Amino acid sequence: MKDTIIPQTIGQQMGRRSWAEPWKIKMVEPIDMIDHSQRQKALEEAGYNTFLLRSEDVYIDLLTDSGTSAMSDRQWAGMMLGDEAYAGSRNFYHLEEAVQKYYGYKYLVPTHQGRGAEHLLSQATIKPGQYIPGNMYFTTTRLHQELAGGKFVDVIIDEAHDPADMHPFKGNVDLDKLQALIDRVGSENIAYLSLAGTVNMAGGQPVSMENLRAVRQLCQRYGIRLFLDATRMVENAFFIQEREEGYQNKSIAEILKEFCAHTDGAWMSAKKDNLVNIGGWLAVNDENLFEELRNMVIIYEGLHTYGGLAGRDMEAIAIGIVESVQDDHVRSRVGQVRYLGDLLTSWGIPIVQPVGGHAIFADARRFYTHLPQSQFPAQVLAAELYLDSGIRSMERGVVSAGRDPETGDHRYPRLELTRLTIPRRVYTQAHMDVVAESVKAVYDQAPKARGLKMVFEPKYLRFFQAKFEPV
Ligand SMILES: Cc1ncc(COP(=O)(O)O)c(C=O)c1O
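Scope of this entry: the structure provided in the associated data block.

What counts, and at which threshold
Residues numbered from 1 in each chain as written. Predicted model: local features only at pLDDT ≥ 70, side-chain atom pairs only at ≥ 80, totals over all residues. Heavy atoms only, no water. Pairing = 2+ DSSP bridges. Helix = DSSP H or I, 4+ residues; strand = E, 2+ residues; numbered from the N terminus. Axes fitted to C-alpha atoms, helices over the stretch in contact; angles between N-to-C directions. Contact = heavy atoms within 4.5 Å. Salt bridge = Lys/Arg side-chain N within 4 Å of Asp/Glu carboxyl O. Buried < 20%, exposed > 50% of the residue type's maximum accessible area, 1.4 Å probe, protein only. Near = heavy atom within 4 Å. Polar contact = N/O pair within 3.5 Å; in protein donor to acceptor, adjacent residues only side chain to side chain. Areas by Shrake-Rupley, 256 points an atom, 1.4 Å probe, with all protein chains shown as cover. Right-handed = clockwise from strand over helix to strand, strands pointing away.

Pairing in this open sheet of three strands is antiparallel, and the strands run 9-12-11 from one edge to the other. Looking at which strands have only one partner, the edges of the open sheet turn out to be strand 9 (359-363) and strand 11 (394-396). Ignoring strand direction, the axes of neighbouring strands in this sheet form an average angle of 35 degrees. Where strand 9 lies against strand 12 (residues 417-421), five bridges are found, and the strand directions are antiparallel. Across the sheet, residue isoleucine 360 finds its bridge partner in strand 12, namely leucine 420. On the sheet, helix 15 (residues 377-389) packs against strand 9, strand 11 and strand 12 and is oriented at approximately 40 degrees with respect to strand 12.

Shown next as structure tokens:
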């Protein structure tokens, strides 16, 4: 009798007992789906750009995992303990303690969100004409580096640019590329190494501890500082625990702290890992740099003990940091992303492999083999998904890559991806099933899709506000 059971639950299918999210839901936000003709109208009005849709016209919102997390009851309770003093708010000191305890840096500067921190760090550390090597660009990070007069150079391993390559640490830095840059421009012309864990634009891919140690050594030999984009570093720690020898018995919190200890500081969009709707921070170990940042933050963000945040926001981040490093939380967070990824993979749908920490990245080139990259296949896929089911995703291809500041030409990245980003603690497995079926329906219809042309292009970070029309 036992042998005839057809595996139905995920646990049964995997040959183990099922496990569930380490929380229960106590407040819900109703959502509903508008019909196809309304979606068509909304998409046209939005210029085929999912950033320009009204959220009430969206059914399942996978635009981003940024600021879209569900906060816990403890975080909401913390919001009520906001100390809204202009200076020296007790919530600032809670946040400082949490960053020191879990990330290990000495000095903290709060900012309104990640790009506020990127701005300060870029202005304080980059001299015009200097180079900033990094493990693949990120849109706002590179723009702030360029606005400070720097030039970003991609030194990620080649495997990261291949959506099908199964390298377990596709976020790793290629030491030969880094060495070649140092040889070519001289270490004095390198502002710092910009390391992201995980790498968003590569598909949420992690950096290994071994690679970090080697990168650190090389940087130290030449006196080059190493700053970390810690936005999704907790998810990176999960992959190290899962995949890297010697880390299976270490906690996420231990791995996070060990990783950060090999860096000189970090900037953070707290809207991701730290489980809040707004906030960011910058943390460093060098006292002189801290003094400079602490002075600069007053000009652009606010006093150094609030940096553009309300006291209650800082309290929510402090509590969010503690929740974010719990092993069961991270396992369920990455597990949900992987559940969706495994479904799509089993149906033969082309997505970036291995599935990363925060999102599924559909390989739009392989959806639309009949469309040239100049017709924005990843933008087309985001539009088609919305039309099919009201699911909102985001372009991560030629539109996001922008134009080369020197030549003014489109930058054509090898990765032409559409990102379906999973907010933390927000959607259920049933939502993931609905998403998977919609992606499949769009894939099945792919040969019929038409390309897009850009009819409006803003100067900076064009993917947020550009408009398109069908070719
Ligand atoms: C890897 C990475 N770095 C930096 C940022 C910028 O952070 P924010 O959106 O909070 O300004 C983001 C968010 O989009 C990100 O994903």
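Structure's up, so let's keep going.
Our focus in this paragraph is the pattern of salt bridges. Counting across every chain of the model gives 26 salt bridges. Note that arginine 462 and glutamate 457 form a salt bridge whose closest N and O atoms lie 2.9 Å from each other. The buried category is assigned to arginine 462, whose relative accessible area is 4%. Assessed through its relative accessible area of 30%, glutamate 457 is described here as partly exposed. Via salt bridges that share partners, Asp65, Arg232, Glu235, Asp273, Arg333 and Arg424 belong to a single interconnected network.

Before going further, it helps to spend a moment on the site of the ligand. Around the ligand, 13 residues are found, and the nearest of them are Gln113, Arg115, Asp229, Ser269 and Lys272. Arginine 115 places a side-chain nitrogen or oxygen 2.7 Å from an oxygen atom of the ligand. One nitrogen or oxygen atom from the side chain of asparagine 200 is found 3.0 Å from an oxygen atom belonging to the ligand. When the ligand sits alone it has 390 Å² of accessible area, and the protein chains cover 94% of it. Among the elements that make up the shell around the ligand, the one with the highest residue count is helix 5 (residues 114-125) (three residues).

A word on the side chain of serine 332. Tracing the backbone through its elements, the reader meets serine 332 in helix 13 (residues 327-346). Non-local contacts of serine 332, meaning those with residues more than four positions away in its chain, are made with Trp19, Glu21, Pro22 and Trp23.

Across four bridges, strand 3 (residues 131-134) lies against strand 4 (residues 151-154) in parallel orientation. By the bridge assignment, proline 133 is partnered in strand 4 with valine 153. Note that the unit made of strand 3, helix 6 (residues 139-147) and strand 4 has a crossover that is right-handed.

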